[in-house]
Amino acid sequence: MTKARPTLFTIAHMYVLACFVVFLLAYGLTIVLTSVGYHRALAHGAVQLHPLARKALVTFGPWLTGFDAKTWVVMHRNHHQYSDTSDDPHSPVNVGFRGLFKAQLDGYARTQMALVSGDPTYANLGRDLELSWPTRTGRWYVPYLLQVAVGVVVGLSFGWWIGIALLAGLMSHIVQGAIINYFGHAHGGRNFDIDDNSRNNHPAAWLVLGEGFQNNHHRYPSSARFSYRWHEVDLGFVVCRLLEAVRVLRVVDKTLMPRPG
Ligand SMILES: [Zn+2]
Ligand SMILES: [Zn+2]
């Protein structure tokens, strides 16, 4: 006679698995929009988005990531321009690990205020982009309120932990940013002796789709691929290739980087 399975145990496991899958999907969506969309496409032009994909990104990106595309891009271009100097908006060289979260928020808020007030120094760095409605109108917090509302509705419908998993995934950009900005500029090896403190950090690269290879990226900012040596894995570039196969984008920098082994 076969023994009946402990149903409650199985349901509990399925629920935990569902929470994990929801978190992973929201986390993945956030990092793909940020790394492939905002970073490689909009900030550096390393990949060219299909016009409809570009329109969708700048329209819905702020609602999904909480970040205005133009503000993010201008802050990032400032980061490249002043990398690890006192004018870098978020360098661990200046503020360490504990100060990084605040530096990121302050840098974003400062960039946002400068763009809304029309400060030419900042405006010149983002002439190719428009401010989104929430930022333009000073209602930058509305996307976050919407995300919380969606989390509550999902929580009420499917259980609170599912709602929390969704929200944690959508809000993970703060942690993703800190992983890149801290480990990618504080810990790890360097392939290139360039004039900043950028590093190549493998665990960070696995967690944030290749973005941990900041040293490679700062050496070749226009390259769609951030990996250089054979053992460096850039999943973000894999996503670029997959999206290129379905014509969502085109990889512009075809030269890529050599792989010396
Ligand atoms: Zn960097
Ligand atoms: Zn960059």
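Residues numbered from 1 in each chain as written. Chains lettered and ligands numbered in written order. Predicted model: local features only at pLDDT ≥ 70, side-chain atom pairs only at ≥ 80, totals over all residues. Heavy atoms only, no water.

(A) Layout of the overall build of the chain. Broken down by element type, the chain carries 13 helices and two strands. Projected onto its principal axes, the C-alpha positions of the chain cover 70 × 50 × 40 Å. Evaluated residue by residue, the chain yields a buried proportion of 46% over its 261 residues. A separation of at least 24 residues holds for 65% of the contacts in the chain among residues at least 6 apart in sequence. Taken together, the 23 basic and 16 acidic charged side chains of the chain have centroids lying 9 Å from each other. (Helix = DSSP H or I, 4+ residues; strand = E, 2+ residues; numbered from the N terminus. Buried < 20%, exposed > 50% of the residue type's maximum accessible area, 1.4 Å probe, protein only. Contact = heavy atoms within 4.5 Å. Lys, Arg positive; Asp, Glu negative; His and termini not counted. Charge placed at Lys NZ, Arg CZ, Asp CG, Glu CD.)

(B) Seen up close, the coordination of the zinc ion (ligand 2). At this site the zinc ion (ligand 2) is bound by H39 (NE2), H44 (NE2), H76 (NE2), H80 (NE2) and H217 (NE2), with donor distances of 1.9 to 2.2 Å. Counting gaps between the donor residues of the zinc ion (ligand 2) yields the pattern H-x4-H-x31-H-x3-H-x136-H. Taken together, the positions of H76 in helix α3 (residues 69–81) and H217 in helix α12 (residues 214–219) put the pair 141 residues apart, joining distant regions of the chain. Neither H76 nor H217 differs from the other in exposure class; each is buried. (Donors = N, O, S within 2.8 Å, 3.2 Å for Na, K, Ca; no water.)

(C) Seen up close, the nonpolar core. Residues Y38, L42, V47, C240, L249 and V251 are the most contacted members of the largest nonpolar core, which totals 30 residues. Mapped onto this core, the elements with two or more residues apiece are α1 (7–43), β1 (47–49), α3, α10 (173–183), α13 (235–245) and β2 (249–251). No other element matches the eight residues that α1 contributes to this core. Every residue in contact with Y38, bar those within four places of it in the chain, is listed here: L33, A43, L57, G61, P62, T65, F67, D68, A69, W72 and V73. Membership of the second largest hydrophobic core comes to seven residues, among which are V154, I162, A165 and L170. (Core = buried A, V, L, I, M, F, W, Y, C linked by side-chain atoms within 4.5 Å.)

(D) View of the packing of aromatic side chains. As enumerated under the stated definition, the model contains eleven aromatic pairs in all. Measuring from centroid to centroid gives 5.2 Å for F67 and Y108, while their planes differ by 55°, and the two rings are tilted. Note that F67 is positioned in the loop between α2 (51–65) and α3 and Y108 in helix α5 (residues 100–116), a separation of 41 residues in sequence. The burial state of F67 is the same as that of Y108; both residues are buried. When the centroid spacing of 5.7 Å and the interplanar angle of 85° are considered together, the rings of W140 and Y141 count as edge-to-face. Taken together, the aromatic side chains of F97, F101, Y182 and F183 make up a single cluster linked through ring pairs. The ring of F226 carries R40 above its face, with NZ or CZ at 3.8 Å from the centroid. A cation over an aromatic ring shows up here: R219 above the ring of Y220, its NZ or CZ 4.6 Å from the ring centre. (Phe/Tyr/Trp six-rings, centres within 6.5 Å; stacked < 30°, edge-to-face > 60°. Lys NZ or Arg CZ within 6 Å of the ring centre and 35° of its normal.)

(E) Just the packing of α3 against α5, in detail. Across the interface, α3 lies against α5 with an axial gap of 9 Å and an inter-helix angle of 115°. Considering the angle they form, α3 stands roughly perpendicular to α5. Like other packed secondary-structure pairs, α3 and α5 cross with a definite hand, here right-handed. In this structure, α3 contributes K70, T71, W72, V74 and M75 to the contact, and α5 contributes Q104, G107, Y108, T111, Q112 and L115. (Axes fitted to C-alpha atoms, helices over the stretch in contact; angles between N-to-C directions. Parallel < 35°, antiparallel > 145°, perpendicular 65-115°, else oblique. Left-handed = near helix turned anticlockwise from the far one by under 90°.)

(F) Representation of the coordination of the zinc ion (ligand 1). The protein atoms donating to the zinc ion (ligand 1) are H79 (NE2), H185 (NE2), Q214 (OE1) and H218 (NE2), with metal-donor distances spanning 2.0 to 2.1 Å. Classification of the site at the zinc ion (ligand 1) rests on its four donor atoms, whose angles at the metal span 98 to 147°, yielding the label irregular. Sequence spacing among the residues donating to the zinc ion (ligand 1) works out to H-x105-H-x28-Q-x3-H. On the criterion of sequence distance, the pair formed by H79 in helix α3 and H218 in helix α12 is long-range, its members being 139 residues apart. (Tetrahedral: all angles 85-135°; square planar, octahedral: opposite > 155°, others 65-115°.)

(G) Examining the layout of surface pockets more closely. Roughly 540 Å³ of volume is contained in the largest pocket. Around the largest pocket, the lining comprises 27 residues; the ones closest to its centre are F67, W72, M75, Q104 and Y108. Those elements giving two or more residues to the lining of the largest pocket turn out to be α1, α3, α5 and α10. Residues belonging to the lining of the largest pocket are distributed by class as follows: twelve nonpolar, 14 polar and one charged. Its volume calculated, the second largest pocket comes out at about 230 Å³. Taken together, R54, K55, V58, T59, W63, D128, L129, E130, L131, S132, W133 and P134 form the lining of the second largest pocket. The leading source of residues in the lining of the second largest pocket is α2, at five residues. Taken together, the residues of the lining of the second largest pocket sort by class into six nonpolar, two polar and four charged. (1 Å grid on protein atoms, 1.4 Å probe; cavity = no way out; pocket = protein on both sides within 12 Å on 5 of 7 lines; lining within 4 Å. Points joined across faces, edges and corners; volume = space filled by probe spheres on them. Nonpolar A, V, L, I, M, F, W, Y, C, P; charged D, E, K, R; others polar.)

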